[in-house]
Amino acid sequence: MYKTSIFSYTLNTNVLQPKMVVARLKNPSPRIGHCTKVPRNSNMEKLQHGYLFPEIERHEHMHLQKYPHANIIDLGIGDTTEPLPTMVTSSMVDFVRGLSTSKGYKGYGPEQGEQALRKAIADVYYKDLGIKPTEVFVSDGAQCDITRLQLLMGPNLKIAVQDPSFPAYIDSSVIIGQAGDFVDKVGKYKNIEYMKCGPQTNFFPDLHKASRPELIFFCSPNNPTGHAATRKQLEQLVDFAKVNGSIIIFDSAYSAYITDDSPKSIFEIPGAREVAIEVSSFSKFAGFTGVRLGWTVVPEELLYSNGFPVAHDFNRIMCTCFNGASNIAQAGGLACLSPEGFRAVKSLINYYMENARILVNALSSLGLTVYGGKNAPYVWVHFPGSKSWNVFAEILEKTHVITVPGSGFGPGGEEYIRVSAFGQRDSIIEASERLKYLLYQEEN
Amino acid sequence: MAEAPFSVFSDDQPVTSNYENSSLYVLEWLLRRIGLPDKIIVKDVCLAKYSPRLLHWVVTQNWLPSNSVIEKNPAFFNTRDIVILKIISGFPILTKEKLREQVIFDTHLGDWIVAFGNWEFDPLKLSNPFGHNISKVHVWQGYEVKVVPSQIQRFVSRNIGLVPHLCFVVLDQRIFTSVVISAPFSPQAPKMSITQSLSTPLSSSSSTFLAPSTFNPRSQVTLPVKSLGVCKCIAAPQEADTAYKTKVSRNGNIAKLQAGYLFPEIARRRNAHLLKYPDAKVISLGIGDTTEPIPDAITSAMSKRSHALSTVEGYSGYGAEQGEKPLRSAIASTFYRDLGIEDDDIFVSDGAKCDISRLQIVFGSKIKMAVQDPSYPAYVDSSVIMGQTGYYQKDVEKFANIEYMRCNPENGFFPDLSSISRPDIIFFCSPNNPTGAAATREQLTQLVKFAKDNGSIIIYDSAYAMYISGDNPRSIFEIPGAKEVALEVSSFSKYAGFTGVRLGWTVIPKQLLFSDGFPVAKDFNRIVCTCFNGASNISQAGGLACLSPDGLKAMQDVIGFYKENTNIIVETFDSLGFKVYGGKDAPYVWVHFPGRNSWDVFAEILEKTHVVTTPGSGFGPGGEGFVRVSAFGHRENVLEACRRFKELYK
């Protein structure tokens with residue numbers, strides 16, 4: 001048998017321990033010079049360490065300093081690598097050219113996004129689900145919308161997250177003041193409900209154990225585990241929200257990667273319009289990570305306890321704290337949703353999913369237990385008994401491949417690493433080979 | 001800001017730029033459904049000035065047997081009531097402490113404002129709009145306003161001659177509203193026992209009143225007063241729509257916001273005007289939206305970048321959250337040469353407005369801010385959303401816990417700093433939007449000194465700096481010592497016509513420290529990484545092109561064009577004998593209409609000339625009596641608008 005615990009070997013002393021890089025950014029000795037009398041926001045002080053991905057980037061930089069000639073392969077942050085379809089970029093080029101003409105110039109657009117794009121999103125993504133264009137708010141990306149949703153909801157409520165989950169949910173919650181203090185012993189914030197999602201429960205939380213939250217962040221297909229919730233699971237979730245009077249913030253940024261018949265939107269579940277908001281993005285669907293475009297759906301039926309529509313307040317936030325997504329990005333988004341554009345971006349998705357298959361095959365062939373990769377571009381690999389930062393560090397040290405330590409997504413991610421399938425085919429194959437070689441070496 | 005026309009939700013304001021989403025739309029729809037006469041919507045409702053303070057006073061007086069009803073004071077209930085009260089599950093007991101919780105307080109405040117407000121129409125003159133005796137309206141009888149002891153209610157009622165009755169209109173699965181109908185106070189009114197109203201649930205109540213949300217559809221409530229036509233009402237029948245509501249409370253901070261955000265509100269009025277005059281050629285000199293094409297030198301860089309994204313070599317995914325290095329470096333060297341600002345002090349963003357919100361998130365809810373009055377509304381609104389402010393005080397048109405620094409012609413549009421109590425954060429915009437005044441070096445030196453003496457942080461908005469004609473400072477960092485007390489927000493919007501393309505930046509010097517010595521820039525960096533994901537890479541390519549020699553020249557040309565517009569507008573109003581400010585260092589002309597209400601002037605100009613301007617009071621009480629005319633427009637439109645102004649005010 002292959003040893004799955006090889007990574008618990010004594011580590012190279014040069015490998016950075018996560019605790020050591022935890023930039024507890026508190027300044028021990030006050031700096032010389034003028035200090036204002038403005039106190040630091042205590043919520044900011046509560047944040048634990050660098051936001052996960054910049055943190056990983058730091059590791060990468062340090063690794064490069066140590067091995068200046070290393071050919072690093074980044075399967076970490078989950079950044080798209082494939083060029084956009086020409087059909088999409090040429091729409092953007094046309095739009096940009098228009099901006100230099102009197103006829104084609106456009107200034108401020110509606111804060112909620114261009115009508116045509118809102119309609120196209122409703123038609124393409126929510127066909128037959130009764131989502132109206134006015135319920136779709138176009139944005140510069142899901143991460144930004146998550147913060148705006150937190151601003152909307154304010155500090156006096158309790159959130160629940162899947163554990164593990166995308167760190168922005170928790171971090172934005174801390175920043176807005178919902179989270180309470182961090183409890184070192186358990187690695188959790190006091191006032192956040194961590195809903196453990198592991199293989200034992202088919203990556204769906206045991207809702208009986210969850211105490212009533214006001215907001216439930218739920219990401220499916222999940223980042224990082226790659227699991228897409230089944231229809232039955234989502235029905236349970238909607239039911240749970242309804243019973244508890246909670247609001248679900250459903251992150252469907254990876255829905256285009258679903259290959260089986262798992263729901264692609266929470267609004268496929270009856271009754272969801274009264275309990276859920278959906279956040280989504282063009283980033284992973286169309287390679288718009290740098291172009292920046294996303295959207296949020298807030299149904300009219302979603303009401304606060306006093307009967308006030310959530311959409312009205314969200315609209316106010318969009319008008320006050322945001323000024324619309326770049327109109328060029330919006331032109332690109334519209335092109336992605338045309339039949340031709342949709343086909344073209346679909347081929348990008350297929351490309352990444354082929355990468356995922358290669359990674360899954362390589363890792364499983366080594367006897368590792370591998371999850372995800374079927375409905376999401378992430379492969380979730382189990383290393384029982386090992387610390388994920390150690391596994392991350394050893395893989396980086398010995399193969400120059402960057403992954404993401406599972407514990408960066410919450411205590412429930414400990415013992416796992418996430419391998420992203422975003423990458424050029426050559427790199428994916430090369431990374432698979434290096435991983436195989438490493439494990440082979442360790443074996444002998 | 002205009003009065004909200006007839007509050008639809010008890011604690012609501014009309015919100016959107018989108019008429020279909022606005023409460024006005026909902027209200028019209030609602031009133032059509034119940035057939036209330038049109039005059040209700042036409043009239044603005046003038047709400048009580050004293051309600052916030054009155055409620056606060058009631059809640060904070062120890063001697064008052066306040067909440068006597070709430071605390072189940074037997075004086076207000078008969079024994080049967082008490083028995084029933086005890087067995088109702090989830091019956092909220094509102095203690096004084098609970099009442100001081102913001103959300104609860106807010107909800108009551110909304111109801112109070114409605115209940116004790118002055119109404120510009122006489123409800124007694126309304127005829128019964130319901131026709132039948134069955135309607136989905138519940139008359140919320142005075143005794144049921146349980147936060148307030150009846151004695152107080154009576155006292156208030158006597159003084160305003162009316163007793164409040166809140167009606168909860170329950171119409172649709174999801175829409176309900178509280179509308180107040182007031183009835184003359186009658187001391188002989190029988191006390192209503194709540195026992196008669198406990199059988200069926202009233203489907204909706206926007207209020208947290210502790211009164212049971214139950215009502216008997218068949219037992220007609222005896223009105224304690226001469227029955228008004230309007231109020232011949234019965235509670236909602238049981239089958240009446242129980243719209244599902246979550247148990248999540250509305251964010252009390254957002255509920256504090258007044259009416260719509262200014263510009264969406266203007267857009268709404270513009271659209272309404274267009275409905276009224278479909279053939280009018282409306283010219284917008286309102287929001288300050290750029291109209292001239294982006295120079296080729298800049299767009300060609302963006303189309304090149306867009307095209308490159310479809311090639312293997314040119315594709316790029318996530319960029320640095322703080323912006324691309326060459327752009328940060330170009331901003332530093334173009335705008336802050338010799339000012340000691342380093343590349344990594346620059347954070348590229350999708351615009352100044354978005355950065356203002358992110359800065360508010362950095363500073364959190366426990367700080368006190370100061371703004372110029374008048375000023376760009378996003379400063380105050382974002383502060384309210386963040387929870388830094390108290391309630392809106394209708395009488396002074398200000399939020400509590402914000403320091404409004406009056407800037408007017410008398411003080412050269414620079415505040416009298418000696419009269420300002422210490423703020424943590426000072427928003428300062430120069431050249432100013434809306435007054436167009438650019439602060440002098442001497443004034444800014446004073447400002448920096450004030451900040452230093454008080455340990456405050458200046459958030460300096462320099463979005464119009466390139467419009468400065470003379471030698472007034474273009475950046476706060478031209479003032480010695482500013483790096484220790486100031487950060488600067490700026491934007492490409494008004495320089496290169498990037499209003500729709502979206503690109504801006506914020507400068508945070510490393511020397512700027514919190515009271516514990518922690519650098520502000522580090523926390524801002526964390527926010528940018530967590531709450532933002534970088535500006536669009538195509539926009540950034542455009543920004544970089546703006547700062548090339550060709551791009552800079554092209555931007556100067558565009559700015560020069562708008563400045564000529566400004567001159568035309570200034571001359572027009574000058575020639576008509578108006579006092580005109582601004583226009584020299586900014587694309588805004590600030591016209592004085594002494595003694596007049598700005599929204600009236602705005603409406604007059606729109607009605608008679610089809611030109612959209614911006615009412616000065618939308619920027620704060622200090623803007624009352626002024627109208628802002630924006631110089632952003634095609635030349636022929638500006639000329640035409642000026643011709644119409646001359647006709648109107650000749």
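As recorded by an unreviewed UniProt entry, chain B carries the name Aminotransferase class I/classII large domain-containing protein and is attributed to Arachis hypogaea. Its UniProt record gives chain B a comment under Cofactor (unreviewed entry), which states: "pyridoxal 5'-phosphate". UniProt, in its Sequence similarities (unreviewed entry) section for chain B, records the words "Belongs to the class-I pyridoxal-phosphate-dependent aminotransferase family. LL-diaminopimelate aminotransferase subfamily."

Per an unreviewed UniProt entry, chain A goes by Aminotransferase class I/classII large domain-containing protein and derives from Arachis hypogaea. Taken from UniProt, the Cofactor (unreviewed entry) comment for chain A reads in full: "pyridoxal 5'-phosphate".

The next subject is the packing of aromatic side chains. For the structure on display, the rule yields 54 aromatic pairs over all chains. On the numbers, 4.9 Å between centres and 65 degrees between planes, the contact of Phe182 of chain A with Tyr189 of chain A is edge-to-face. Ring geometry for Tyr254 of chain A against Tyr257 of chain A: centres 6.4 Å apart, planes inclined by 55 degrees, an arrangement best described as tilted. Judged by relative accessible area, Tyr257 of chain A falls into the buried class, the value being 0%. Here the aromatic cluster, defined as three or more aromatic residues joined through ring pairs, consists of Tyr125, Tyr126, Phe267, Phe282, Phe285, Phe288, Trp295 and Phe342 of chain A. Against the face of Phe518 of chain B rests Arg40 of chain A, its NZ or CZ located 3.7 Å from the ring centre. Between the NZ or CZ atom of Arg148 of chain A and the centre of the ring of Phe322 of chain A, over which it lies, the distance is 4.0 Å.

What follows concerns the domain arrangement of chain A. How big an interface is tends to be stated in terms of accessible area lost as the parts join. Residues and elements named next belong to chain A. Segmentation of chain A into domains returns domain 1 (52–83 + 341–441) and domain 2 (86–339). Summing both sides of the interface, domain 1 and domain 2 together bury roughly 2700 Å²; the carbon and sulfur share of this comes to 62%. Ranking the residues of domain 1 by area buried against domain 2 places Phe342, Asn375 and Phe409 at the top, with a combined share of 23%. Inspection of the domain 1/domain 2 interface yields one salt bridge. There are 19 residue pairs in polar contact (both at pLDDT 80 or more) connecting domain 1 and domain 2. Taken together, the elements giving at least two residues each to the side of domain 1 that touches domain 2 come down to helix H3 (52–66), helix H12 (339–365), strand E11 (369–372), strand E12 (378–382) and strand E15 (416–420). Take the side of domain 1 that touches domain 2: its biggest share by element is nine residues, from H12. For the side of domain 1 that touches domain 2, the per-class residue count stands at 17 nonpolar, nine polar and five charged.

Definitions and limits used
Numbers given for residues are sequential positions, taken from 1 along each chain in its written order. Chain letters start at A and ligand numbers start at 1, both assigned in the order the entries are written. Thresholds applied to this predicted model are a pLDDT of at least 70 for local features of residues and 80 or more for the giving and counting of side-chain atom pairs; totals over whole chains, interfaces and linings are not thresholded and use all residues. Each side-chain value is derived from all of the structure's non-hydrogen atoms; neither hydrogens nor water enter the calculation. UniProt positions are given in the numbering used here, feature names are shortened, and annotations may be inferred rather than shown by experiment. What counts as a ring pair is set by centres within 6.5 Å for rings of Phe, Tyr and Trp (its six-membered ring), and what kind of pair is set by the plane angle: stacked under 30 degrees, edge-to-face over 60, tilted for all other angles. Think of it in three bands: with a 1.4 Å probe and only protein chains considered, a residue is buried below 20% of the maximum accessible area for its type, exposed above 50%, and partly exposed in between. Definition used: whenever NZ (Lys) or CZ (Arg) falls within 6 Å of the ring centre and also within 35 degrees of the ring normal, the charge is taken to sit over that ring. Domain borders in the structure are assigned automatically or taken from a domain database. Summed over both partners, the accessible area (1.4 Å probe) lost when two parts come together is defined as the buried area. Salt bridge, as used here: a side-chain nitrogen of Lys or Arg that lies within 4 Å of a carboxyl oxygen of Asp or Glu. We call two N or O atoms a polar contact when they sit within 3.5 Å, provided that within protein one can donate a hydrogen and the other can accept it, with sequence-adjacent residues counted only if both atoms are side-chain atoms. Segments assigned H or I by DSSP are reported as helices when at least four residues long, segments assigned E as strands when at least two residues long, and all are numbered from the N terminus. Gly is placed with the polar residues, together with every amino acid not listed as nonpolar (Ala, Val, Leu, Ile, Met, Phe, Trp, Tyr, Cys and Pro) or charged (Asp, Glu, Lys and Arg).

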